[in-house]
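Structure assessment
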Amino acid sequence: MKRYINAVFIMSVVFIIGVILLIVITKDTGAGSDNNSREQIVLLNKIAGRAEENVGNLTKLDAEDFECGFVIIDKTNNVLYSNIEDSAILNDISVENAVQNRYPYMFLKKGDSVWGTVIMIDDGMDEFRIIRYRIIIGTCICCLLIFLAATCYGIHIRRSIIVPFRKMKDFASKVAQGTLDEPLEMDKENMFGAFSESFDIMREELAESRKRELELQRKERELVASLSHDLKTPVTGIKVTSEFMEMRLRTKLDSKEEDDNVSFSKEEITDMLEDTSGIREKTEQIDTLVSDLFASTLNDLGEFRMSLADEESEVLLGIVRSFDNKDLVIMEDIPAVVINIDKKRMAQVIGNVIANSYKYADTVIDISYVLVDGFLEMNIRDHGPGVPENELDLITNKFYRGKDWENTDRDGNGMGLYIAKSLMQKMNGDLIAESDGDGLLIKLIIPLS
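The text that follows walks through the structure, step by step, so that each part is easy to find. (Residues numbered from 1 in each chain as written. Predicted model: local features only at pLDDT ≥ 70, side-chain atom pairs only at ≥ 80, totals over all residues. Heavy atoms only, no water.)

1. Observations regarding the nonpolar core
Counting 41 residues, the largest nonpolar core has Leu316, Met346, Ile350, Ile367, Met378, Leu444 and Ile446 as its most contacted members. Ranked by the residues each element gives to this core, the list is headed by helix α9 (residues 343–360), at seven residues. Excluding anything up to four places from it in sequence, methionine 378 contacts Leu316, Val320, Ile350, Ile367, Ser368, Tyr369, Ile442, Lys443, Leu444 and Ile446. Listed in part, the 15 residues of the second largest apolar core include Ile47, Ala51, Cys68 and Ile72. (Core = buried A, V, L, I, M, F, W, Y, C linked by side-chain atoms within 4.5 Å. Buried < 20%, exposed > 50% of the residue type's maximum accessible area, 1.4 Å probe, protein only. Helix = DSSP H or I, 4+ residues; strand = E, 2+ residues; numbered from the N terminus. Contact = heavy atoms within 4.5 Å.)

And the structure:
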């Protein structure tokens, strides 16, 4: 149908171009009929005769009605008399201009000398213009009838071919989206009916293929889960080793006794401490990433397990302090209540939220608490650039990063808030993101015991 519409559009363009060419070609065709020419000559002679009779007082010509516009000029193209008021014509009137515009003209004489020229502002083509106008209108009407016929034919094509084909297209779209339990409807008047059975066979084959694909995906997720578990062992070893090296170097650096066996300065020890701190920081990032990936994979497999237990709300204070490495958190008093959580997973949630704030805001973090309908609402707010309103529902999606951060050098994988929200929901709570122009607010809805 789109091609047909394009064809009709091209036809319309060709028609418009044809009309324009007709207008251009017939613009200067014809010079009036012989009768018109004779009438103009008679009228021009009459005007010239009256002008020559009243050469000393041309205003007397105002008393007569010559039924046409004319101008009398002298030899230098100065207007001596005119019964028209078009300043554009009067400013540009001359014998040469009259020749170009096919205006009839006649020289005015007094004796044997020429004293002026009378120019009739009429090219004698009024009848031709009427005929030309009728031709153009007739052509437009004919082309319009052709266009209407083409449109009616297009409607017929749409009903008999396009609509049935579109139904088959919709069926294919449903199959592509995974809706494989709806057979293709058979229509006796459908000219594509012969293909319906083949399409239905294809649907059944795709359903079987989908089952096999889901089984393969399950095995793939199990493999990722296994790899994630295996990676945690060497990562833990690296982390322990780096912490041990840092502890020994700090002991040497703080020692007041000089050791002859030490062959490096305090400045060198400081540099080594910075290196080992960097190693520990990177291993913590790897550990967090692997933990998130492991949790995400278990969640996809439906094998994520929670160990919910009643805890005093004060446990949240210790969790926050353990992740506040930059001392940016300002926390209000926690209501004395008993909450039902998995302490380890709650630490993972809070750690992800604080790490996210460090990474994208790096400002003071205000934490407040509100008791609402059987839940403890933990509000974690930073004062960074925040998140656009149209992205608030997306930042908790898997692997999603804000558009403002996708092309920056900030590390990130889009897993932190996704894992945090999933864990909160597993603990019968929720995570809600809000942004009102003053940073990002993360609400952790924690169930009470």
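Following the structure, the description resumes.
2. Examining the environment of leucine 376
Considering the arrangement of structural elements, one finds leucine 376 in strand β9 (residues 375–381). In sequence terms leucine 376 and isoleucine 339 are 37 residues apart; their C-alpha atoms lie 7.7 Å from each other. Discounting residues that sit within four places of it in the chain, leucine 376 has contacts with Ser313, Leu316, Pro335, Val337, Ile339, Tyr369, Val370, Leu371, Leu444, Ile445, Ile446 and Leu448.

3. Side note on the packing of aromatic side chains
Aromatic ring pairs are defined here through the distance separating the ring centres and the angle between the ring planes. Under the criterion given, the structure shown has two aromatic pairs. Summarising the aromatic geometry, the rings of phenylalanine 70 and tyrosine 81 are spaced 5.7 Å apart at their centres and angled 35 degrees between planes, so their arrangement reads as tilted. With phenylalanine 70 in strand β1 (residues 70–73) and tyrosine 81 in strand β2 (residues 79–82), the pair connects residues that are 11 residues apart, well separated along the chain. Of the two residues, phenylalanine 70 and tyrosine 81, neither departs from the other in class, the shared state being buried. Geometrically, the ring pair formed by tyrosine 105 and phenylalanine 107 is edge-to-face, given 5.9 Å between the ring centres and 80 degrees between the ring planes. (Phe/Tyr/Trp six-rings, centres within 6.5 Å; stacked < 30°, edge-to-face > 60°.)

4. Observations concerning the sheet that holds β9
Sheets are built from strands paired through backbone hydrogen bonds, the pairs being either parallel or antiparallel. The five strands lie next to each other as β6-β8-β9-β11-β10, forming an open sheet whose pairing is mixed. Both edges of this open sheet fall to β6 (329–331) and β10 (430–434), since each of them pairs with a single strand only. On average, adjacent strands in this sheet sit at an angle of 20 degrees to one another, irrespective of strand direction. The pairing of strand β8 (residues 365–372) with β9 spans seven bridges and is classified as antiparallel. Residue pairing in the sheet places isoleucine 367 in a bridge with isoleucine 380 of β9. Its contacts with the sheet place α9 against β8, β9, β10 and β11 (441–447), and it is angled at close to 175 degrees to β11. Here helix α10 (residues 416–426) sits on the sheet and contacts β10 and β11; the angle it forms with β10, its principal contact strand, is near 140 degrees. (Pairing = 2+ DSSP bridges. Axes fitted to C-alpha atoms, helices over the stretch in contact; angles between N-to-C directions.)

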